[in-house]
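Chain and residue survey
Here is what each chain is made of, one letter per residue.
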Amino acid sequence: MIYLDHAATTPVPREVADAMYEVLTNQFGNPSSQYQLGLDMKKQVEGWRETVAAALGCDPKQLYFTACGTEGDNWAIQAACWQNRHLGKHIVTTAVEHSAVLECCKWMEQQGYEVTHIAPDGRGSITAEQVLEAVRPDTALVSVMMVNNELGNVYPIAGIAKGLAAKNPKTLLHTDAVQGFLKVPFSARTLGADFITISGHKIGGPKGVGALYIGPRVRNPRPLLAGGGQEAGLRSGTEATAQIAGFAKAVELRTEGLADKLAHMAEIKAYAVERLTAIPDLTLISDGTAPHILAVSLVGWPSQNIVNDLSGQGICISAGSACHQGKPSHVVAALKLPKKAAGGVIRLSFGPETTKADIDACAEALRSHHDTRMPML
């Protein structure tokens, strides 16, 4: 199998699985229990929190474990709106956010909020100036993703934070950094965002675990779940200790030689651009600079047919976000591409394990698809 869909999920290294197995079998104590097995697990959880927080660049007390990126996004949006409920009921986001943000914003609209969606240009770019122009005195929240999960465009979170501080200091800033964490350099301490969402399974960790950074400007954040008081009383429920252990181990492994891994992914992406753009009718559709995501279109050839054909050859690519499950992508729609270009969009995404041989096989399969399959009318 040739796996080129690391933006959907990533392979789990054996060391991560072993760390989880150890917790599931031998270190299975409940961190809330007061006997030694539970106390030991509580200490372990706090150690794993320190590992993830160090990679994110924040104090461990500012990091709260969640079940996934979607949960973190929803929690951040609702907590920000709760804190600023007296400031106003206006949210600024983009038209190309992950569905976890857009659907939560729709839910907030049902609660009486007004949502402004910033449109990208035809290459997927959004500027800080665009976002800041939409901010009003009653804007409770700005939510802009760090890296677009379908296009690879990196958005100017630090610039937005700086502009907000000058224009409306009370407005809170959330960024979905699920595709940015350990993919593009940043530190929570200097970024300027009040909420940062990350996820374990995008960096070699297990599914079912993520984290939310909550910064110092968030006062008495609204709890996500009421209950036994876990996660400093903000997200009650027995901690998913095995998943957290796997998340921390994945962070540990990914941060070892991280600069070299990012350089390798960037080199693989550049090689993929060279090989793929040599195929007739294949074109780049975005200006994404993230090292691990490449969006292209085989103009005139339906993307789902391409994905199915390559899947039959053991090559895994995507027609967009895995979260869309075959439905048309709102991200591609926002680019306002010609119909045949929009219909042929595919995404390749890379990891430290990806090789040039993988790209060669994919390029050959795409060229064969172009040469042997019928284009759309």
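Below or above, wherever it landed, is the structure these notes cover. (Residues numbered from 1 in each chain as written. Predicted model: local features only at pLDDT ≥ 70, side-chain atom pairs only at ≥ 80, totals over all residues. Heavy atoms only, no water.)

What to know about the overall build of the chain
The helix and strand inventory of the chain stands at 13 helices and 12 strands. Based on the C-alpha atoms only, the size of the chain along its principal axes is roughly 65 × 55 × 35 Å. The burial tally for the chain puts 55% of its 377 residues in the buried class. Within the chain, contacts between residues separated by at least 24 positions form 72% of all contacts whose residues are at least 6 apart in sequence. About 15800 Å² of surface is accessible on the chain, with carbon and sulfur atoms providing 54% of the total. Side chains of the chain carry 34 positive and 36 negative charges; the gap between the two charge centres is 5 Å. (Helix = DSSP H or I, 4+ residues; strand = E, 2+ residues; numbered from the N terminus. Buried < 20%, exposed > 50% of the residue type's maximum accessible area, 1.4 Å probe, protein only. Contact = heavy atoms within 4.5 Å. Areas by Shrake-Rupley, 256 points an atom, 1.4 Å probe, with all protein chains shown as cover. Lys, Arg positive; Asp, Glu negative; His and termini not counted. Charge placed at Lys NZ, Arg CZ, Asp CG, Glu CD.)

Thoughts on helix H2 (residues 36-56)
The end-to-end C-alpha distance of H2, which contains 21 residues, comes to 30 Å, matching closely the 30 Å that a straight helix rising 1.5 Å per residue would cover. Packed against the buried residues of H2 are helix H1 (14-25), strand S2 (63-66), helix H7 (188-191), strand S7 (195-199), strand S8 (210-214) and helix H8 (241-255). (Expected span 1.5 Å × (residues − 1).)

Observations concerning the pairing of strand S10 (residues 293-298)
Across the 6 residues that make up S10, a large majority, 6, are buried. Here S10 shows a buried face lined by Ile293, Ala295 and Ser297 and a second buried face lined by Leu294, Val296 and Leu298. The pairing of strand S9 (residues 282-284) with S10 spans 3 bridges and is classified as antiparallel. Counted as the bridge partner of Thr283 is Ser297 from S10. Of the strand pairs in this sheet, S10 and strand S12 (residues 345-349) are connected by 5 bridges, and their pairing is antiparallel. The residue of S12 that forms the bridge with Leu294 is Leu348. (Pairing = 2+ DSSP bridges.)

Some thoughts on the packing of H2 against H8
At a closest axis distance of 9 Å, the pairing of H2 and H8 adopts a crossing angle of 35°. Of the two possible hands of crossing, H2 and H8 adopt the one that is left-handed. For the pair formed by H2 and H8, the contact residues are Met41, Val45, Trp48, Thr51, Val52 and Ala55 on the first element and Thr241, Ile244, Ala245, Phe247, Ala248, Val251, Glu252 and Thr255 on the second. Looking at side-chain class alone, the contact of H2 with H8 contains 10 nonpolar, 3 polar and 1 charged residues. (Axes fitted to C-alpha atoms, helices over the stretch in contact; angles between N-to-C directions. Left-handed = near helix turned anticlockwise from the far one by under 90°. Nonpolar A, V, L, I, M, F, W, Y, C, P; charged D, E, K, R; others polar.)

Brief notes about the nonpolar core
Core analysis: the biggest nonpolar cluster contains 68 residues, and Leu56, Val142, Phe181, Ile196, Ile198 and Phe247 have the highest contact counts within it. Here the element with the most residues in this core is H8; it accounts for 8 residues. Not counting residues within four places of it along the chain, the set of residues in contact with Phe181 comprises Val52, Ala55, Leu56, Phe186, Ile198, Ile203, Phe247 and Val251. Counting 25 residues, the second-largest nonpolar core is a separate cluster that includes Ala272, Leu282, Leu298 and Leu310. (Core = buried A, V, L, I, M, F, W, Y, C linked by side-chain atoms within 4.5 Å.)

Points about a nonpolar patch on the surface
Side chains of Phe28, Tyr35 and Leu37 sit close together on the surface and give an oily, nonpolar patch of about 330 Å² of accessible area. You can see Tyr35 is positioned in the loop between H1 and H2. Judged by its relative accessible area of 51%, Tyr35 is exposed. (Patch = residues over 30% accessible without salt bridge, like charges linked within 9 Å, V, L, I, M, F, W, Y side chains within 5 Å. Salt bridge = Lys/Arg side-chain N within 4 Å of Asp/Glu carboxyl O.)

Considerations on the sheet that holds S12
Taking strand neighbours across the sheet as the criterion, the 3 strands line up as S9-S10-S12 in an open arrangement whose pairing is antiparallel. If you trace the sheet from one side to the other, it starts and ends with S9 and S12, each paired once. With direction set aside, neighbouring strand axes in the sheet form an average angle of 35°. Those strands touched by helix H9 (residues 258-276) are S9, S10 and S12, and its axis lies near 10° from that of S10. Set on the sheet, helix H13 (residues 356-372) makes contact with S9, S10 and S12; between it and S10 the angle comes to about 20°.

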